[in-house]
Amino acid sequence: MDLPTLWFGIIAFLFIGYFVLDGFDFGVGMSIPFLGKDDVDRRVIINTIGPIWDLNETWLIVAGAAMFAAFPEWYATLFSGFYLALLLILLSLILRGVSFEYRHQRPEASWKRRFDAMIVIGSAVPAFLWGVAFGNIVRGVPLDDGFNYTGTFFDLLNPYALLAGLTTLLLFFTHGTIFVSLKTDGALRQRARRLATRSGVLTIVVAASFLLWTTLAYGSFLSAVLSAVAAVTLIAAVLANSRGREGAAFASMAATVAFAVLSLFLSLFPDVMPASNDAANSLNIVNASSTPYTLQVMSWISLIALPLILAYQGWTYWVFRKRVTRAHIEGVQTAH
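Along each chain, residue indices are assigned from 1 in the same order as the chain's sequence is written. Selection of residues for local features in this predicted model requires a pLDDT of at least 70, selection of side-chain atom pairs for listing and counting requires 80 or more, and totals for whole chains, interfaces and linings are taken over all residues. Side-chain descriptors were evaluated using all non-hydrogen atoms of the structure, hydrogens and water having been removed beforehand.

A. Quick look at the pattern of salt bridges. Just to be clear on terms, a salt bridge is a Lys or Arg side-chain nitrogen sitting within 4 Å of an Asp or Glu carboxyl oxygen. As enumerated under the stated definition, the model contains 10 salt bridges in all. One salt bridge in this structure joins Arg-189 and Glu-246, with 2.6 Å as the shortest N-O distance. Taken together, the positions of Arg-189 in helix α8 (residues 186–218) and Glu-246 in helix α10 (residues 246–268) put the pair 57 residues apart, joining distant regions of the chain. Secondary structure elements are taken from DSSP: a helix is a run of H or I of four residues or more, a strand is a run of E of two residues or more, and numbering for both begins at the N terminus.

B. Representation of a nonpolar patch on the surface in the model. In this scheme, patches are assembled from residues that exceed 30% relative accessible area and form no salt bridge. Like charges are connected within 9 Å, while nonpolar side chains (Val, Leu, Ile, Met, Phe, Trp, Tyr) are connected within 5 Å. In this description, accessible areas are obtained by the Shrake-Rupley approach with a 1.4 Å probe, and a residue is regarded as covered only by the protein chains that are shown. The grouping of Tyr-83, Leu-84, Leu-88, Leu-90, Leu-91, Ile-94, Val-98 and Tyr-102 at the surface amounts to a nonpolar patch, some 740 Å² of accessible area in total. Along the polypeptide, Val-98 turns up in helix α5 (residues 83–102). Partly exposed describes any residue whose relative accessible area lies between the buried limit of under 20% and the exposed limit of over 50%, with all areas from a 1.4 Å probe on protein chains only and scaled to the type maximum. Among the residues examined, Val-98 registers a relative accessible area of 34% and is labelled partly exposed.

C. Up close: the confidence of the model for the protein chain. Confidence in the prediction for the protein chain averages 91 pLDDT; 98% of positions are at 70 or higher. Residue-level confidence of the predictor is summarised by pLDDT, bounded by 0 at the bottom and 100 at the top. Element-level mean pLDDT values for the protein chain span from 64 in helix α12 (residues 326–335) up to 96 in helix α7 (residues 159–183).

D. A look at the side chain of Arg-96. You can see Arg-96 is positioned in helix α5. Since its relative accessible area comes to 0%, Arg-96 is described here as buried. Polar contacts, as used here, are pairs of N or O atoms within 3.5 Å; protein pairs need one atom able to donate a hydrogen and one able to accept it. Residues neighboring in sequence count only if both atoms are side-chain atoms. A distance of 2.4 Å separates a polar atom in the side chain of Arg-96 from a polar atom in the side chain of Glu-57. Only heavy atoms matter for contacts: two residues are in contact if any of them lie within 4.5 Å across the pair. For Arg-96, the contacting residues outside a window of four places in its chain are Asp-22, Asp-25, Phe-26, Trp-53, Glu-57, Ile-119, Gly-122 and Ser-123.

E. A look at helix α6 (residues 109–139). Here a helix's expected span is defined as the number of its residues, less one, multiplied by 1.5 Å. With 31 residues, α6 extends 45 Å between its outermost C-alpha atoms, agreeing within 8% with the 45 Å of an ideal straight helix rising 1.5 Å per residue. A positive phi of about 100° marks Gly-140, the residue just after α6.

F. Examining the nonpolar core more closely. The criterion is simple. A nonpolar core is a set of buried Ala, Val, Leu, Ile, Met, Phe, Trp, Tyr and Cys residues joined through side-chain atoms within 4.5 Å. In this structure, Phe-15, Phe-19, Phe-71, Trp-74 and Trp-130 are the most contacted members of the largest nonpolar core, which totals 84 residues. Ranked by residue count, the leading element in this core is helix α1 (residues 3–35), at 18 residues. The residues touching Phe-19, leaving out its near neighbours within four places in the chain, are Trp-130, Phe-134, Phe-172, Val-257 and Val-261. Of all hydrophobic cores here, the second largest spans 11 residues; its members include Val-138, Leu-170, Phe-210 and Leu-264.

G. Broad picture of the packing of aromatic side chains. Working definition: rings of Phe, Tyr and Trp (its six-membered ring) pair if their centres are within 6.5 Å, and the pair is stacked with planes under 30 degrees apart, edge-to-face with planes over 60 apart, and tilted otherwise. Applying the stated rule across the entire model yields 31 aromatic pairs. Taking the centre distance of 6.0 Å and the plane angle of 45° together, the rings of Phe-26 and Phe-172 count as tilted. Note that Phe-26 is positioned in helix α1 and Phe-172 in helix α7, a separation of 146 residues in sequence. The class of Phe-172 is buried, set by a relative accessible area of 2%. Here Phe-68 and Tyr-75 contribute two aromatic rings whose centre-to-centre distance is 5.1 Å and whose plane-to-plane angle is 75°, an arrangement assigned as edge-to-face. We classify Tyr-75 as partly exposed; its relative accessible area is 25%. Any Lys NZ or Arg CZ that is within 6 Å of a ring centre and within 35 degrees of that ring's normal is treated as a charge sitting over the ring. Arg-321 extends its terminal NZ or CZ atom over the ring of Trp-318, reaching a point 3.8 Å from the ring centre.

Following this line, the structure appears as structure tokens:
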């Protein structure tokens, strides 16, 4: 395997990790108005991701840094052409992060409601726009011979990309509600399970439509196989959730997101940014990559750093593995 191909695979791995981990964060945030019957419920929901949400977001930072170093032309074209969409994602992530930190700073119900709304918006907007962005990357966008995007923001809002955005929105929502059922108990756990079952059925329909469109229009044999596997694991997740097997359901949803994202990257390969107007203007792993020396240095660094990052993340999840309960939140309130 040559170095550009290796780094295409590493970037795919990093984005898979980001969408699997921050994906359920988005879903948890979006579930607040559906599952939070009172302030204690909402605090329980937020606390399920309280210790880990910022760690999950570091995958995006690492993926962006890897893209910048390994494929600078890809990074430049993507971040200049999709500037407004990515800026909206960034602002939404900031909004969500601020809300997590400031929601509990004052006791007024109106104060908390405003920050709850900001969490919902800061979760839903990235969940949708990431799908729109990757839908356009796979579909291709108009590029000139200098690899500059020549379209507009509204050109990105085409039917295929909008369906991709709706797919990621529903996938992450279902992923998050399953996580809430996995991490809570009592009535909240039961409500989360029922909501995940209902949203899961809709997700199956929308995701199957998107994966079928992708396979027929842009896919290869291998990407089609992975899309089929993603569909099977999604159905398995919904069935496991309906039977109260939250652990199996969450693992199956994580596999669904992973296989779906991997199928998109395989549909893309060897291009990294196809040109919809002229194939000669497309960016691929050869003309978008850094020098061999740069990729060699990065490979040695990643060989050391990636196992450490994975070990630390695994340890963090193990430490915070217990369920969050209403009794715990009420006990903290009483103590204060």
